[in-house]
Amino acid sequence: MAPKVAKWFTPPKGRLKLNVDGAFKMTTNEAGGGGILRDHKGNMSCAFAKPYYHLKSSLATEAFAVRDGLLMCCNKGITEVQ
């Protein structure tokens, strides 16, 4: 398979875009996630990164990253999120 280039699309003006990711290493049960919130110009508004403990899958890790990204937005009063 040939590598594919991923492109980041900007959100509409007046809205922020939240991108999150989680990673899980099965051999050591280590997990972590993070996210970034950017505006229509690609400027960072805020970000987070954190370890997750007692998780057993990459799906759970991804879900925790989404949860924490949305909590970050809620705690900052940001409602217009893509």
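Read on for a plain summary of the structure. (Residues numbered from 1 in each chain as written. Predicted model: local features only at pLDDT ≥ 70, side-chain atom pairs only at ≥ 80, totals over all residues. Heavy atoms only, no water.)

Focus on the nonpolar core
What tends to happen in soluble globular proteins is that the nonpolar side chains get buried as a cluster.
Stage number 1. Formed by 13 residues in total, the largest nonpolar core has its most connected members in L18, A31, L37, Y52, M72, C73 and I78.
Stage number 2. Those elements giving two or more residues to this core turn out to be β1 (17–25), β2 (30–38), β3 (44–52) and α1 (58–75).
Stage number 3. Those residues in contact with A31 that sit more than four places away from it in its chain are A23, F24, P51, Y52, L55 and T61. (Core = buried A, V, L, I, M, F, W, Y, C linked by side-chain atoms within 4.5 Å. Buried < 20%, exposed > 50% of the residue type's maximum accessible area, 1.4 Å probe, protein only. Helix = DSSP H or I, 4+ residues; strand = E, 2+ residues; numbered from the N terminus. Contact = heavy atoms within 4.5 Å.)

Observations regarding unusual backbone geometry
Stage number 1. Of note in the backbone geometry, N29 takes a positive phi value of approximately 55° without being a glycine.
Stage number 2. In this structure, N29 sits in the loop between β1 and β2.
Stage number 3. What makes N29 partly exposed here is its relative accessible area of 38%.
Stage number 4. Of note, H54 is a non-glycine position whose phi angle comes to about 65°, a positive value.
Stage number 5. Mapped onto the elements of the fold, H54 is located in the loop between β3 and α1.

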